[in-house]
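Survey of secondary and tertiary structure
Below are the chains, spelled out letter by letter.
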Amino acid sequence: MTYRSARPLRTALTLLAAVLLGFPALLVLGVGSGVASAQSATESAALAATVRLTLGVAGHPVAEAWNPLRLELRDAPPATLSLQIDQGTLRSGAVPLNIDFEVRGGAGVSFFEELVFLPSFGALSWRLTTEERVLASGSVAGREADTRRLDLVLTSNPGAYRLAFLDTFGSSARLVDVAPALLPIDSGAYDGVRSLIIDGTSAAPRLEAVAAAASGGAIVALRGPLPASHAELALLLGGASTVRLGAGAIVYLEAERDQLVEAVSQVQVPSRQALQAALVQEPLVQAQAPLKETTLVMLVAAFAVMLLLLLRLGGAPGLLAALAFSGLVAVVGWNLTRPDAPRLQATAVLALGGSELATLQSTTELLTMPKTTLSLTQPARPLRPQAYWRDSAGTHFVLERWSSLLLEAPLALGDAHLRLEGGVPVNRGPRTLRDLYLVGEGLKGDLEPGSSTFQTSEERSADWARTLAPLVPEGTWLAIDDCESVCTTWVLYPDVQLASALPAAAEPPGGGGATIDPFRSAPTNAQDAP
Amino acid sequence: MRVLEAVTWRLARPDMAQVFVLFLAAQVVVVTFAWPSAGSLANDSWFALAPSRNAFLALAAAGFGASQLLIRVPGQLDAAGAGPHPLHEARYTLLALLAWVPLSAPFEVVSHAASFPATGLLGSLLVTLVTVPAYFGLGLLLRKLTALLRVNWLLPLAVPGVILLLAWLDMQVGNTLFNPWAAALAPSPYPLVAALGAGLTLWFLLSPWRRPRPDVVAAAGAHR
C-alpha cells in the first residue's frame, strides 16, 4: 500500500522537478525562437521590400498566353529566379514546366524582364535564390489561372467602364486598371490582352507601348477628345479614325463610354489561335515513308536463301562470297532505309498584316527519330502540354523516339509585305506572293515584288486557302510567299467597319495625314512634355 | 586456306547448318513482324531484332560450346579417333559461329538504319561479336562442370537455364552485366564483361600449352 501510495508521490515529485528545471529552459527556448522568428520576420520584410515579381501585364497573368515577367530588385546579390509550374491535369498527372533565369542584381535598383508562356496550371511557385539562401518566394494557386484576356483601361475612373464591359462582353470581361508606365513595349507581351481603352484622363502612355499593344493583337480604343499630352497617338491613326496595325486595330471615337466599348466589340481582329490551328492542320514535316512490308519480306527472304545457297554450294569460296554479299547488302540496305537526318524540322509563319506592320507568328514542327534532348536558343512553347524547361541558354525538351513536337515562338513584328494601298493589294516584299485569295471572291493571281497587278499562272491553286477562308471575314486577302525554306502565309483583314449606330468618328487630334514612322521619329513637342 | 575450308566444312555440317537456317528464319520473322505497317511512321524493328539476334547467338554459342568434347586436358585425340581433334573442333566451331555475325549483320544494319535508335550501330555489332566467344566459353564451362558432377543429362537444361539465371541476376542487380537480350539495346557494362569472357575463352582455346602434340596429331592423321 505504502509502496502504491509512494508511487504517485514519486511521480508527482518527478514532474514538479522537471517543470521547475525545465521551465527556464523552455522559457529560453521560447524567447530564442521568438527572437529567431522576429529576426526572420524582419529579414523577410527587408527582403520582401527588395524583391518584387510581377507576372502578366500590370500583375494580371493570363493563362495560355505569353506574359511579361518583371523582377525588380534592390541591393540584391546575383541570384537565380526559378518558376515551377505544373501544367498537368487529374488525367495526365504532373506535367512540369521549370523556368530558371540568372538574375544579375547588384547595388541599387535593377530590373529583369522576360517574356514567358504561362500554361493553364495546377500550381505555380517561384523563388529567388542564391547559393546560400532563399531571397524571396511565392506561389499562385491553380484556381487563379485565368484564361480570359485582359481589357486594360487607362483612365482616372476605371469603375465607370465596368458596367459597359459587363454589358458588352458579359462574364468574359476582365477589366484591369493599368498605369501608363506599366504598359510593356514588347508586342509579344500583349498576347493576353483583348483591348486597351485610353480616354485621356490619366497620364499619356508611351507611343511605343500603344503601338505594341495594337500590333500585338489588342484593340486600342481612344476616347476623344484627347488632351494635348496624347497628341502623338494620332501618329498611329494617320488621319483616319480607324486603322489596322499588325494583328490589332486602333479606333478613335468621340463617344460615351458604353459606345466606345461597343465599338471595341465590333472590331474584328484575326484569331491567331484559330488561324494557327488551321495552318498546322496538315503536318508540316513530311517524313520518308518506310519500305513496304511485302517488299521487305521478299528482300530479306531472298537474301537468306541466297546466303544459304552460297554456303551450301560454294564451299570455301562460297563462304567468302557470302561474306562479301552480306557486306554489300548491308551497305545498300543502310543507304536505302536510313533517313537523311535524325530530326526533321519545318516552320510555317502566319503573318497578320495591318498598315506597314505585320505580326509574325511562327510555328515549328519537329520530328525526331532517336530519343533526344532538344535545345532551342529562342524561347518557344509547345502547342500540346509537354514537360520542358527554360533557362538563360534557351528552351529544352526531352523527346521520345519517333515523336513530333509543335512549337510556337512568341510574336514578332516585321514589315508587312502584303499591304492595302487605296483598297488595292500591293506586294512590298522582296519575294513573289503566290495565289492571292480574296475571301468571298476567290483566287486572284500572283503578285510580283513592288507590283499591284496580278499575274496568272497555270499552276494556280486555292487549296491552301480553303482551311483559312472560313475563319476570316469576307474581303480578307490571303497569300503565301514564294517560300524556299520557310513558308509565310499572309492574312490581310479588310478595313475596320463600325456599325452606323455609333457616332461618326471625329477627326482625331493631329489628323490630316501624319505619315511619320512612329517608331523612328516620334514628335517632340514641348507642349506634350509632362 | 586450310582454316577457311575447315570453317566452311564446320558451317556445312548438318547440326550447325540447321541451326543457322533457324537463325536466319527467326530474323526474317522478327524483322517482318516488327516492321511498321502501312500508315505508320515509327519504326521500332531494331528494338525487337537486336535483342533477339544477340540472345539467339548467345544461346547457340553456349549450346555449341556445351557440345564440345573438351572435358579432359587436351593434347590427346578422342578415343575413337574418328573426328578432328576436340580442340580443333572447338576452335573451328567458334570461328563458324563468329562467321554468323557478319553473315546475318544486314538484318541488324537495315533495321537499325530504319529505326534510327540513339544507340550506335558499331556498338551493337561489337556486342554480338563478343557475345559469341563469351557464351561459347560458358558452354565449355558447363560441359566441364556437368561432366565433373556426372550430371551430363542435365546439360540440355543447364544451357538455357544458366542464361536465364544470368538474366535474372541482372534484373536483381539492376544493371546489364550478363543479359544478352538487354545488352544490345543500350550502353552498359555488358560488353566489358562479355569481352572478359571472350578473352578467357580465346586464351583457353588458343594458349600454347593447350596445343595438341604434333606426334599425336600426326598419328591421328595417319589413323584417318
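Residues numbered from 1 in each chain as written. Chains lettered and ligands numbered in written order. Predicted model: local features only at pLDDT ≥ 70, side-chain atom pairs only at ≥ 80, totals over all residues. Heavy atoms only, no water.

**Observations concerning the overall build of chain A**
Within chain A, the regular secondary structure consists of eight helices and 28 strands. Across the 530 residues that make up chain A, the buried fraction comes to 44%. For chain A, the share of sequence-separated contacts (at least 6 apart) that also reach a separation of at least 24 residues comes to 66%. About 26300 Å² of surface is accessible on chain A, with carbon and sulfur atoms providing 56% of the total. (Helix = DSSP H or I, 4+ residues; strand = E, 2+ residues; numbered from the N terminus. Buried < 20%, exposed > 50% of the residue type's maximum accessible area, 1.4 Å probe, protein only. Contact = heavy atoms within 4.5 Å. Areas by Shrake-Rupley, 256 points an atom, 1.4 Å probe, with all protein chains shown as cover.)

**What to know about the side chain of Arg223(A)**
All names here are of chain A. With respect to the secondary-structure elements, Arg223 resides in strand 11 (residues 219-223). Of the side chains with opposite charge, Glu256 comes closest to the buried, unpaired Arg223, at an N-O distance of 4.3 Å. Setting aside chain neighbours within four positions, we find Arg223 in contact with Tyr161, Ile198, Asp199, Leu253, Ala255, Glu256, Arg257 and Leu260. (Lys, Arg positive; Asp, Glu negative; His and termini not counted. Salt bridge = Lys/Arg side-chain N within 4 Å of Asp/Glu carboxyl O.)

**A short note on the interface of chain B and chain A**
How big an interface is tends to be reported as the loss of accessible area on association of its parts. Taken together, the contacts link 37 residues of chain B with 35 residues of chain A. Linking chain B with chain A are one salt bridge. One salt bridge in this structure joins Arg401(A) and Asp44(B), with 2.2 Å as the shortest N-O distance. Summed over the shared surface of chain B and chain A, the number is six residue pairs in polar contact (both at pLDDT 80 or more). (Polar contact = N/O pair within 3.5 Å; in protein donor to acceptor, adjacent residues only side chain to side chain.)

**Regarding the packing of helix 1 (residues 2-12) of chain B against helix 4 (residues 86-115) of chain B**
The description of two helices packed together rests on the angle between their axes and the distance between the axes. Residues and elements named next belong to chain B. Following both chains from N to C, one finds helix 1 and helix 4 inclined at 75°, their axes separated by 9 Å at the closest point. One way to sum up the angle between helix 1 and helix 4 is to call them roughly perpendicular. Listed contacts from helix 4 to Arg2, Val3, Ala6, Val7, Trp9, Arg10 and Leu11 of helix 1 are Glu89, Tyr92, Thr93, Leu95, Ala96, Ala99 and Trp100. A breakdown of the residues in the contact of helix 1 with helix 4 according to their chemical character gives 10 nonpolar, one polar and three charged. (Axes fitted to C-alpha atoms, helices over the stretch in contact; angles between N-to-C directions. Parallel < 35°, antiparallel > 145°, perpendicular 65-115°, else oblique. Nonpolar A, V, L, I, M, F, W, Y, C, P; charged D, E, K, R; others polar.)

**Regarding the sheet that holds strand 6 (residues 123-129) of chain A**
Residues and elements named next belong to chain A. Taken in spatial order, the seven strands line up as 7-6-3-4-18-19-16 in an open sheet, and their pairing is mixed. If you trace the sheet from one side to the other, it starts and ends with strand 7 (134-141) and strand 16 (372-376), each paired once. Mean inter-strand twist for the sheet, computed between neighbouring axes without regard to direction, equals 15°. Of the strand pairs in this sheet, strand 3 (residues 79-86) and strand 4 (residues 96-103) are connected by eight bridges, and their pairing is antiparallel. Residue pairing across strands places Leu83 opposite Ile99, the latter belonging to strand 4. (Pairing = 2+ DSSP bridges.)

**A few points about the confidence of the model for chain A**
Do not read the fine detail of predicted coordinates wherever pLDDT is low. All names here are of chain A. Considering every residue of chain A, the mean pLDDT works out to 82; 85% of them sit at 70 or more. Every residue in residues 1-49 scores below 50 in pLDDT, and together they form six contacts with partners more than four places removed in sequence or on other chains. Throughout residues 511-530 the model reports pLDDT below 50, and contacts reaching past four residues in sequence, or to other chains, amount to 22 contacts. (pLDDT = per-residue confidence, 0-100.)

**Here we look at the nonpolar core**
By size, the foremost hydrophobic cluster in this structure holds 61 residues, and its most contacted members are Leu11(B), Trp100(B), Tyr135(B) and Phe136(B). With 13 residues, the top contributor of residues to this core is helix 4 of chain B. Excluding residues within four positions of it along the chain, Trp100(B) makes contact with Leu11(B), Met16(B), Val19(B), Phe20(B), Phe23(B), Arg53(B), Phe56(B), Leu57(B), Ala60(B) and Phe64(B). Counting residues in hydrophobic clusters, the runner-up holds 35 residues, among them Leu55(A), Leu97(A), Ala380(A) and Leu399(A). (Core = buried A, V, L, I, M, F, W, Y, C linked by side-chain atoms within 4.5 Å.)

**So, helix 5 (residues 121-148) of chain B**
Residue and element names in this part refer to chain B. Look at helix 5: 41 Å from first C-alpha to last across 28 residues, which is about the 40 Å you get at 1.5 Å a residue. The sharpest bend along helix 5 measures roughly 25° and falls at Thr131, with the proline Pro133 sitting one to four residues further on. Following helix 5 by one or two positions, Arg150 has its phi on the positive side, about 55°. (Expected span 1.5 Å × (residues − 1). Bend = angle between axes of the 7 residues up to and from the residue.)

**Observations regarding helix 2 (residues 14-34) of chain B**
Residues separated by three or four positions in an α-helix point in the same direction, a consequence of the helix having 3.6 residues per turn. In this model helix 2 of chain B runs 30 Å from its N-terminal to its C-terminal C-alpha over 21 residues, within 8% of the 30 Å that 1.5 Å per residue would give. Among all positions of helix 2 of chain B, only Met16(B), Phe20(B), Phe23(B), Leu24(B), Gln27(B), Val28(B), Val31(B) and Thr32(B) are buried. Relative to the axis of helix 2 of chain B, the buried residues are bounded by an arc of 155° and lie together on one face. Those residues of helix 2 of chain B that are exposed and aimed more than 90 degrees away from the buried face are Pro14(B), Gln18(B), Leu22(B) and Phe33(B). If you follow the buried residues of helix 2 of chain B, they end up packed against helix 7 (293-313) of chain A together with helix 1, helix 3 (45-66) and helix 4 of chain B. (Arc of directions from axis to C-beta.)

**Quick look at unusual backbone geometry**
Trans is the common state for peptide bonds, and a negative phi is the common state for residues other than glycine. All names here are of chain A. Located in the positive-phi region is Glu64, a residue other than glycine, with phi close to 60°. For Glu64, the position within the fold is in the loop between strand 1 (51-55) and strand 2 (65-76). Owing to a relative accessible area of 37%, Glu64 belongs among the partly exposed residues under this scheme. A positive phi angle, near 50°, is found at Trp402, a position not held by glycine. Relative to the helices and strands, Trp402 is located in the loop between strand 19 (394-399) and strand 20 (403-408). Taking relative accessible area as the criterion, Trp402 reaches 16% and is therefore assigned buried.

**Structural notes on a nonpolar patch on the surface**
All names here are of chain B. The grouping of Leu141, Leu145, Leu148 and Leu149 at the surface amounts to a nonpolar patch, some 440 Å² of accessible area in total. For Leu145, the location among the structural elements is in helix 5. Leu145 sits in the partly exposed class, given a relative accessible area of 40%. (Patch = residues over 30% accessible without salt bridge, like charges linked within 9 Å, V, L, I, M, F, W, Y side chains within 5 Å.)

**A closer look at the environment of Gly188(A)**
Residue and element names in this part refer to chain A. By secondary structure assignment, the location of Gly188 is in the loop between strand 9 (175-177) and strand 10 (193-198). The class for Gly188 is buried, based on a relative accessible area of 1%. Sequence separation between Gly188 and Gln361 is 173 residues; the distance between their C-alpha atoms is 9.8 Å. Contact partners of Gly188, with chain neighbours within four places excluded, come to Trp66, Leu115 and Leu411.

**Some remarks on the pattern of salt bridges**
Close approach of charged atoms allows side chains of opposite charge to pair. Enumeration over the complete set of coordinates arrives at 19 salt bridges over all chains. Salt-bridge contacts for Glu113(A) lead to Arg70(A); the nearest nitrogen and oxygen are separated by 2.6 Å. Highlighted residues: Glu113(A) in strand 5 (residues 106-118) and Arg70(A) in strand 2, separated in sequence by 43 residues. Arg10(B) serves as the salt-bridge partner of Glu89(B), at 3.5 Å between the closest nitrogen and oxygen. Of this pair, Glu89(B) sits in helix 4 while Arg10(B) sits in helix 1; the two residues are 79 residues apart in sequence, bridging distant segments of the chain. You'll find Glu89(B) and Arg10(B) in the same group, each marked buried.

**Quick notes on the environment of Thr93(B)**
All names here are of chain B. Looking at the secondary structure, you find Thr93 in helix 4. Exposure remark for Thr93: the relative accessible area of 0% places this residue in the buried category. Along the backbone, Thr93 and Tyr190 are 97 residues apart, and their C-alpha atoms lie at a distance of 23 Å. Residue contacts for Thr93: discarding those within four places in its chain leaves Arg10, Met16, Phe64, Gln68 and Phe136.

**What about the sheet that holds strand 12 (residues 242-245) of chain A?**
Residue and element names in this part refer to chain A. Reading across the sheet, the six strands line up as 9-8-10-11-13-12 and stay open at both edges, with mixed pairing between neighbours. Every other strand in the sheet has two partners, leaving strand 9 and strand 12 as the edge strands with one partner each. Averaged over all pairs of adjacent strands, the angle between their axes in this sheet comes to 20°, without regard to strand direction. Bridge analysis of strand 11 against strand 13 (residues 248-253) gives five bridges, and the strand direction is parallel. Looking at the pairing, Leu222 lines up with Tyr252 of strand 13. Across the sheet, helix 3 (residues 207-215) is in contact with strand 10, strand 11, strand 12 and strand 13; its angle to strand 13 comes to roughly 120°.

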